[in-house]
Amino acid sequence: MYDDLNGITGDVTSEILKFLDDFNNLRFSAEYVSKFSIYMLMNSSPKEFKTATDVCNYFKREHKLDIVCDIDAVKNITYDEATDFVLYFSDLALKIVKRLKHFSDILDELFQQISKYLIVSKFVFGDGTGPVQFKQEIIMLFSCVSRLIALATYYRISAINGKDNQSLREAMKPKISQMCSNVYLIKFLP
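Every value quoted in this text rests on a predicted model; they were computed, and no experiment measured them. (Residues numbered from 1 in each chain as written. Predicted model: local features only at pLDDT ≥ 70, side-chain atom pairs only at ≥ 80, totals over all residues. Heavy atoms only, no water.)

On a plain count of helices and strands, the protein comes out with 8 helices and 0 strands. The linear arrangement of helices and strands in the protein, starting from the amino end, is α-α-α-α-α-α-α-α. Scaling as 2.2 N^0.38, a compact globule of 190 residues should have a C-alpha radius of gyration of about 16 Å, and the protein matches this with 16 Å. By principal-axis analysis of the C-alpha atoms, the protein measures approximately 45 × 35 × 25 Å. Taking all 190 residues of the protein together, 48% fall into the buried category. In the protein, 74% of the contacts between residues at least 6 apart in sequence involve partners at least 24 apart. A total accessible area of about 9,500 Å² is found for the protein, and carbon and sulfur atoms account for 52% of it. Within the protein, one finds 23 positive and 24 negative side-chain charges whose respective centroids are separated by 4 Å. (Helix = DSSP H or I, 4+ residues; strand = E, 2+ residues; numbered from the N terminus. Rg over C-alpha atoms; globule rule 2.2 N^0.38 Å. Buried < 20%, exposed > 50% of the residue type's maximum accessible area, 1.4 Å probe, protein only. Contact = heavy atoms within 4.5 Å. Areas by Shrake-Rupley, 256 points an atom, 1.4 Å probe, with all protein chains shown as cover. Lys, Arg positive; Asp, Glu negative; His and termini not counted. Charge placed at Lys NZ, Arg CZ, Asp CG, Glu CD.)

We now examine the pattern of salt bridges. Within this structure, the stated rule accounts for 8 salt bridges. Ionic pairing is found between R169 and D21, a salt bridge with its closest N-O pair at 2.3 Å. Of this pair, R169 sits in helix 8 (residues 165–185) while D21 sits in helix 1 (residues 2–25), and the two are 148 residues apart along the sequence. Here K173 ties to E170 by a salt bridge, and the two come within 3.0 Å at their closest N and O atoms. Note that K173 and E170 are positioned in helix 8 at a spacing of 3 residues, about one turn of the helix. (Salt bridge = Lys/Arg side-chain N within 4 Å of Asp/Glu carboxyl O.)

With that settled, the discussion passes to the state of the cysteines. A covalent bond between the sulfur atoms of two cysteines is what we call a disulfide. The tally for this structure, following the rule as stated, stands at 1 disulfide. Between C56 and C69 runs a disulfide, and the two sulfur atoms are separated by 2.4 Å. Taking the torsion about the S-S bond as the criterion, the C56 to C69 disulfide, at about 110°, is right-handed. Of this pair, C56 sits in helix 3 (residues 52–63) while C69 sits in the loop between helix 3 and helix 4 (71–75), and the two are 13 residues apart along the sequence. No disulfide involves C144; its nearest neighbouring cysteine sulfur is the one of C180, lying 7.2 Å away. (Disulfide = S-S within 2.5 Å.)

A separate point is unusual backbone geometry. You will see that R27, though not glycine, has its phi angle at about 60°, which is positive. In this fold, R27 is placed in the loop between helix 1 and helix 2 (30–44).

For helix 3, with 12 residues, the first-to-last C-alpha span of 16 Å sits near the 16 Å given by 1.5 Å per residue. All of the buried residues in helix 3 are A52, V55, C56, Y58, F59 and H63. Viewed end-on, helix 3 has its buried residues packed into an arc of 150°, placing them on one side of the element. Of the surrounding secondary structure, the elements contacted by the buried residues of helix 3 are helix 2, helix 4, helix 7 (135–160) and helix 8. Following helix 3 by one or two positions, K64 has its phi on the positive side, about 55°. (Expected span 1.5 Å × (residues − 1). Arc of directions from axis to C-beta.)

This paragraph deals with the layout of surface pockets. Put simply, the largest pocket is a space of about 470 Å³. Considering the residues around the largest pocket, the lining is formed by 19 residues, among which Y58, S146, R147, A150 and N182 are closest to the centre. Where the lining of the largest pocket is concerned, the elements lending two or more residues are helix 2, helix 3, helix 7 and helix 8. If one sorts the elements of the lining of the largest pocket by residue count, helix 7 sits on top with 6 residues. Here the residues of the lining of the largest pocket are counted per class, giving 7 nonpolar, 7 polar and 5 charged. (1 Å grid on protein atoms, 1.4 Å probe; cavity = no way out; pocket = protein on both sides within 12 Å on 5 of 7 lines; lining within 4 Å. Points joined across faces, edges and corners; volume = space filled by probe spheres on them. Nonpolar A, V, L, I, M, F, W, Y, C, P; charged D, E, K, R; others polar.)

Here you go:
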């Protein structure tokens, strides 16, 4: 079961690290990254993240990181801003899910056509419905986007806080591996 995953994780790690470097180079402030992370994670997992404080506590607990917990800033995000932010993560998330799931060409094309609509629907508007024949793929996609947002938030704020690039990249490798494992295991759910 994990043989596929080991090869995929190795391929994906360098791609995700490059993505995180590119995201970091956008030079978003800690406040900016925090407010979007809170907004996206609350919409993607409303049972787990009922409040902004829940998201802030998650980062403190899982990543030993304090993010800016400004609920007023979160409330002022427009749908257009939220859409732009989440779509930044969509192509990489789709690429990872495709590697983990092994689509047929027909399903690949169809899923690719609806994936961005599904991501915006879930992360901007909080509606996670989609075609039932793609149930696992949709769950994998949403999980991957959520985890990429969390990793990018950790990476950017850690860089702002002065963590050097090499140690930050090394700290990301087990987090990326864990992300791939968690997303991969979804394909075995009934």
